[in-house]
Amino acid sequence: MIIDFNKNKDGLVPAIIQDSLTKTVLMLGYMNDAALQKTRETGKVTFYSRTKERLWTKGEESGNFLILEEIKVDCDNDTLLITVKPQGPTCHKGTDTCWGEKNEQHFGFISNLEGIITHRKMQSEKSPETRDEKNSYVVSLFDSGINKIAQKVGEEAVETVIEAKDNNDDLFLNESADLFFHYLILLQAKGFKLQDIVKILEKRH
């Protein structure tokens, strides 16, 4: 791995810090060659502090260290991407990231879909006349209760199994989508989200 520390007069290169699991960007710091070497030696991310004018290990005062997982260099050899396991909040203000965001795993469109389901669940807890969605299928499922939701998951599971034995991929994928969608609803009806299942799978792994 070749890093060009001489592109800038101060001998520093930016280091983007990313959670190795959630892929959330936690902070941006700067490293010189000595900071990089110390990071590799200790396994704890160390920067060069431009204000303190010395090496600075993240967490040396707070205890919120960034445990090194992997170091990558970009195509121009002048920017680092460092994946870590954070031990506590990253920002000095106490937030997970320096942008004030929560360091949560995001599943792209699936997470957006979970957000919609959450909103529908909140609507079902309102009186009918105050709801935003008057004819929402998901709201009606939550209104029907856990038994109806669980029944729908069972029905979709059976239909998915039936289509799995056939050769129509389109029908199989559509039934699989129906099953997964209703399972997400069931999770929230029980007070959980997909992240709770992922944590269990991670522990098993």
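The name given to the protein in an unreviewed UniProt entry is Histidine biosynthesis bifunctional protein HisIE, and the organism recorded there is Antarcticibacterium flavum. Looking at the protein in UniProt, the text filed under Subcellular location (unreviewed entry) is "Cytoplasm".

(A) Spatial organisation of the overall build of the protein. Along the protein, the regular secondary structure elements total six helices and six strands. Starting at the N terminus, the α and β elements of the protein follow one another as β-β-α-β-β-β-β-α-α-α-α-α. At 24 Å, the protein has a C-alpha radius of gyration far larger than the 17 Å of a compact globule built from 205 residues. Its C-alpha atoms give the protein principal-axis dimensions of about 65 × 45 × 30 Å.

(B) Up close: the pairing of strand β6 (residues 80-86). Pairing of strand β1 (residues 13-19) with β6, which is carried by five bridges, proceeds in the parallel orientation. Residue pairing across strands places Ile17 opposite Ile82, the latter belonging to β6. Two elements, strand β5 (residues 66-73) and β6, share seven bridges in a ladder whose sense is antiparallel. Looking at β6, one finds that Lys72 is bridged to Leu81.

(C) Expanded view of the pairing of strand β3 (residues 46-49). In terms of strand pairing, β3 meets strand β4 (residues 54-57) through four bridges, oriented antiparallel. Counted as the bridge partner of Thr46 is Thr57 from β4. The hairpin formed by β3 and β4 contains four residues between the paired strands, and Glu53 there has a positive phi angle of roughly 55 degrees.

(D) A nonpolar patch on the surface, seen in detail. On the surface, Ile16, Val25, Leu28 and Trp99 cluster together into a nonpolar patch covering about 360 Å² of accessible area. Relative to the helices and strands, Trp99 is located in the loop between β6 and α2 (109-124). Relative accessible area serves as the criterion here: at 53%, Trp99 is assigned to the exposed category.

(E) Looking closely at the side chain of Ser136. Relative to the helices and strands, Ser136 is located in the loop between α2 and α3 (137-144). At 3.3 Å, the side chain of Ser136 forms a polar contact with the side chain of Arg120.

(F) View of helix α1 (residues 33-42). Turning to α1, its buried residues are Ala35, Leu36 and Thr39. Taken around the axis of α1, the buried residues stretch over an arc of 100 degrees, which confines them to a single face. If you follow the buried residues of α1, they end up packed against β2 (25-31), β3, β4, β5 and β6. In the segment just after α1, Gly43 is the residue with positive phi, at about 80 degrees.

(G) Representation of the packing of aromatic side chains in the model. Per the counting criterion, the structure on display carries one aromatic pair. Between Lys44 and the ring centre of Phe65, over which it is positioned, the NZ or CZ distance is 3.9 Å.

(H) Main features of the environment of Lys203. Along the polypeptide, Lys203 turns up in helix α6 (residues 194-204). Classification of Lys203 as exposed rests on a relative accessible area of 75%. Considered as a pair, Lys203 and Met27 are 176 residues apart in the sequence and their alpha carbons are 27 Å apart.

(I) Main features of the nonpolar core. One finds Ile17, Met31, Val45, Leu80 and Ile82 to be the most contacted residues of the largest nonpolar core, which totals 18 residues. Counting only elements with at least two residues in this core, the list comes to β1, β2, α1, β5 and β6. Once you skip the residues sitting within four places of it in the chain, Ile82 turns out to touch Ala15, Ile16, Ile17, Gln18, Met31, Val45, Leu68, Glu70 and Ile71. Formed by 13 residues, the second largest nonpolar core is a distinct cluster that contains Leu141, Ile149, Val153 and Val198.

(J) Broad picture of the pattern of salt bridges. Applying the stated criterion to the full structure yields five salt bridges. Here Asp78 makes a salt bridge to Lys7, at a shortest N to O gap of 3.4 Å. Of this pair, Asp78 sits in the loop between β5 and β6 while Lys7 sits in the segment before β1; the two residues are 71 residues apart in sequence, bridging distant segments of the chain. Take Lys7: its relative accessible area is 43%, and that puts it in the partly exposed class. With a closest N to O distance of 3.0 Å, Glu60 and Arg54 form a salt bridge.

Reading the values: rules and limits
Each residue is numbered by its place in its chain's sequence as written, counting from 1. Since the coordinates come from a predicted model, pLDDT governs what is reported: local features require at least 70, and pairs of side-chain atoms require 80 or more to be given and counted, while whole-chain, interface and lining totals use all residues. Side-chain calculation: all heavy atoms of the structure are included, whereas hydrogens and water are not. UniProt positions are given in the numbering used here, feature names are shortened, and annotations may be inferred rather than shown by experiment. Strands here mean DSSP runs of E at least two residues long; helices mean DSSP runs of H or I at least four residues long; both are numbered from the N terminus. Radius of gyration: over C-alpha atoms. The globule rule applied is 2.2 Å multiplied by the number of residues raised to the 0.38 power. By definition, two strands form a pair when at least two bridges between them are found by DSSP. A patch consists of residues whose relative accessible area exceeds 30% and which take part in no salt bridge; residues with like charges are grouped when within 9 Å of each other, and nonpolar side chains (Val, Leu, Ile, Met, Phe, Trp, Tyr) when within 5 Å. For every accessible area listed, the method is Shrake-Rupley and the probe measures 1.4 Å; residues are considered covered only by the protein chains on display. Each salt bridge in this description consists of a side-chain nitrogen of Lys or Arg and a carboxyl oxygen of Asp or Glu lying within 4 Å of one another. Exposed residues in this analysis have more than 50% of their type's maximum accessible area, buried residues have under 20%, and partly exposed residues fall in between, with area computed by a 1.4 Å probe over protein chains only. The definition of a polar contact used here is a pair of N or O atoms within 3.5 Å, where within protein one atom must be able to donate a hydrogen and the other to accept one, and adjacent residues in sequence count solely through side-chain atom pairs. Summarising the geometry, the arc corresponds to the directions from the helix axis toward the C-beta atoms. Only heavy atoms matter for contacts: two residues are in contact if any of them lie within 4.5 Å across the pair. Each Phe, Tyr or Trp ring (for Trp, its six-membered ring) is paired with any other whose centre lies within 6.5 Å, and the angle between the two planes then decides the class: stacked below 30 degrees, edge-to-face above 60, tilted in between. Whether a charge sits over a ring comes down to the Lys NZ or Arg CZ being within 6 Å of the ring centre and within 35 degrees of the ring normal. Buried Ala, Val, Leu, Ile, Met, Phe, Trp, Tyr and Cys residues that are joined via side-chain atoms within 4.5 Å together make up what is termed a nonpolar core.

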